[in-house]
Structures are given as C-alpha cells and as structure tokens.
Amino acid sequence: MNAYTFVQHLHSGFRYIILVLFIYTILMAFIGWLSGRPYTNRNRISNLVAMISAHTQLLIGIVLYFLSPLVAFNSTTMKDPVTRYFTVEHWVMMLIALVLITIGHSKSKKLVLPEAKHKTIALFYTIALLIIIGTLAAGKISILK
C-alpha cells in the first residue's frame, strides 16, 4: 500500500465517522431547539467534536489533494468532469461547508439563550451537511458519466 492509497482510504473511511457525528449533533440541536431544552455541556462537546472532525477531514483531504493522480492542472482539466470534480469542485464546496460549520459553532458560542444556540447549530450544520452530501452526489454522477 502506497501513501496515496493509505490517505485515500483514511479520507474515505473517516467520512462515515463525520456523518454519524453530524447527524447526531444536528438531531440534538433540533431536539433542543424545538423542545426548549437547556444547552448542556454535552451539546457543546458534540458541536465541538463535529467541527474538529470536519477540520481533521480537511487536513487529510489537503494531503490527499497533493498525492492524488486525479488532480491535474493542464488544458483539459475543466473539460474532463472527473478531473474537474477532484481538482476544483470537491474541495471548494467542502471548504464552503467547513466555513459554515465554523461560523455556526462560533456564533453559537456567543449566544446566551439555549434556544438560540441550538437553532444556530441546527441551521448552520444542516446547511453544511446538505452541501457535503450534494457535492458527494454530484461527484458520483460525474464519475459515472
């Protein structure tokens, strides 16, 4: 197994951990927001761990980006859907999602009311997760073409 294969498997496998963390965190936020539950230390830790995991995935992705044979910078990059996806689209959309996650976490820390904290996490993390899922689905479609 070479470095590229190792990092690719790490990046691919870690996404499932992140998916579980985000679904849990989003469900906890929606439940807290809609039922008026207090914002607990468990909520704070869940939000933080989800955000840190997403940042860790970004770091793994950066390493993969420079090792990947699917990333290319030449005159055909934008013409080939697979190369364009891995060279441009995937990382840009994931970075947007990560920025939303970070903003949501930061905003929630500054809020005082538990309902507002839950709502902020629920909205920002859900939008980010939808971007992530949409981007991955678009990648699957471009690869299958």
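Nothing here was measured: the structure is a model prediction, and the numbers come from that model.

Caption draft 1: Molecular detail of the overall build of the protein. Along its length, the protein carries four helices and zero strands. Of the regular secondary structure in the protein, the N- to C-terminal order runs α-α-α-α. Across the 145 residues of the protein, 34% fall into the buried class. Pairs at least 24 apart in sequence give 72% of the contacts found in the protein among residues at least 6 apart.

Caption draft 2: Looking closely at the packing of helix α1 (residues 3-35) against helix α2 (residues 41-67). Where α1 contacts α2, the axes come no closer than 9 Å and their chain directions differ by 160 degrees. Compared by their axis directions, α1 and α2 come out roughly antiparallel. The handedness of the crossing between α1 and α2 is left-handed. Partitioned by chemical class, the residues of the contact of α1 with α2 number 17 nonpolar, 10 polar and two charged.

Caption draft 3: Up close: the side chain of serine 53. Locating serine 53 in the fold gives a position in helix α2. Excluding its chain neighbours within four sequence positions, the residues that come into contact with serine 53 are Phe14, Ile18 and Leu21.

Caption draft 4: Region of the structure containing the side chain of serine 68. With respect to the secondary-structure elements, serine 68 resides in the loop between α2 and α3 (81-110). Residue serine 68 is classed as buried on the basis of its relative accessible area of 11%. Looking at serine 68, its side chain comes within polar contact range of the main-chain nitrogen of leucine 70, at 3.0 Å.

Caption draft 5: Quick look at the packing of aromatic side chains. Counted according to the given criterion, the structure contains six aromatic pairs. Taking the centre distance of 6.4 Å and the plane angle of 65 degrees together, the rings of tyrosine 65 and phenylalanine 73 count as edge-to-face. Relative to tryptophan 91, the ring of tyrosine 65 has its centre 6.4 Å away and its plane inclined at 70 degrees; by these criteria the two rings are edge-to-face. With a gap of 26 residues between them, tyrosine 65 in helix α2 and tryptophan 91 in helix α3 connect regions that are remote in the sequence. Overall, the relative accessible area of 18% leaves tyrosine 65 in the buried class. We classify tryptophan 91 as partly exposed; its relative accessible area is 40%. The rings of Tyr65, Phe66, Phe73 and Trp91 are connected pair by pair, giving a single aromatic cluster. Its guanidinium or amino end placed over the ring of tyrosine 39, lysine 117 lies 5.0 Å from that ring's centre, counting from NZ or CZ.

Caption draft 6: Spatial organisation of the packing of α1 against helix α4 (residues 114-144). The N-to-C vectors of α1 and α4 enclose an angle of 145 degrees; their axes lie 8 Å apart at closest approach. In terms of crossing hand, the pair formed by α1 and α4 is left-handed. Facing Leu19, Phe22, Ile23, Thr25, Ile26, Met28, Ala29, Phe30, Gly32 and Trp33 of α1, the residues of α4 in contact are Glu115, His118, Lys119, Ile121, Ala122, Leu123, Tyr125, Thr126 and Leu129. Per-class residue counts for the contact of α1 with α4 are 13 nonpolar, four polar and two charged.

Caption draft 7: Here's a closer look at the pattern of salt bridges. Tallying each qualifying case throughout the model produces one salt bridge. With a shortest N-O distance of 2.7 Å, arginine 84 and glutamate 89 are connected by a salt bridge. Judged by relative accessible area, arginine 84 falls into the partly exposed class, the value being 24%.

Definitions and cut-offs
Residues numbered from 1 in each chain as written. Predicted model: local features only at pLDDT ≥ 70, side-chain atom pairs only at ≥ 80, totals over all residues. Heavy atoms only, no water. Helix = DSSP H or I, 4+ residues; strand = E, 2+ residues; numbered from the N terminus. Buried < 20%, exposed > 50% of the residue type's maximum accessible area, 1.4 Å probe, protein only. Contact = heavy atoms within 4.5 Å. Axes fitted to C-alpha atoms, helices over the stretch in contact; angles between N-to-C directions. Parallel < 35°, antiparallel > 145°, perpendicular 65-115°, else oblique. Left-handed = near helix turned anticlockwise from the far one by under 90°. Nonpolar A, V, L, I, M, F, W, Y, C, P; charged D, E, K, R; others polar. Polar contact = N/O pair within 3.5 Å; in protein donor to acceptor, adjacent residues only side chain to side chain. Phe/Tyr/Trp six-rings, centres within 6.5 Å; stacked < 30°, edge-to-face > 60°. Lys NZ or Arg CZ within 6 Å of the ring centre and 35° of its normal. Salt bridge = Lys/Arg side-chain N within 4 Å of Asp/Glu carboxyl O.

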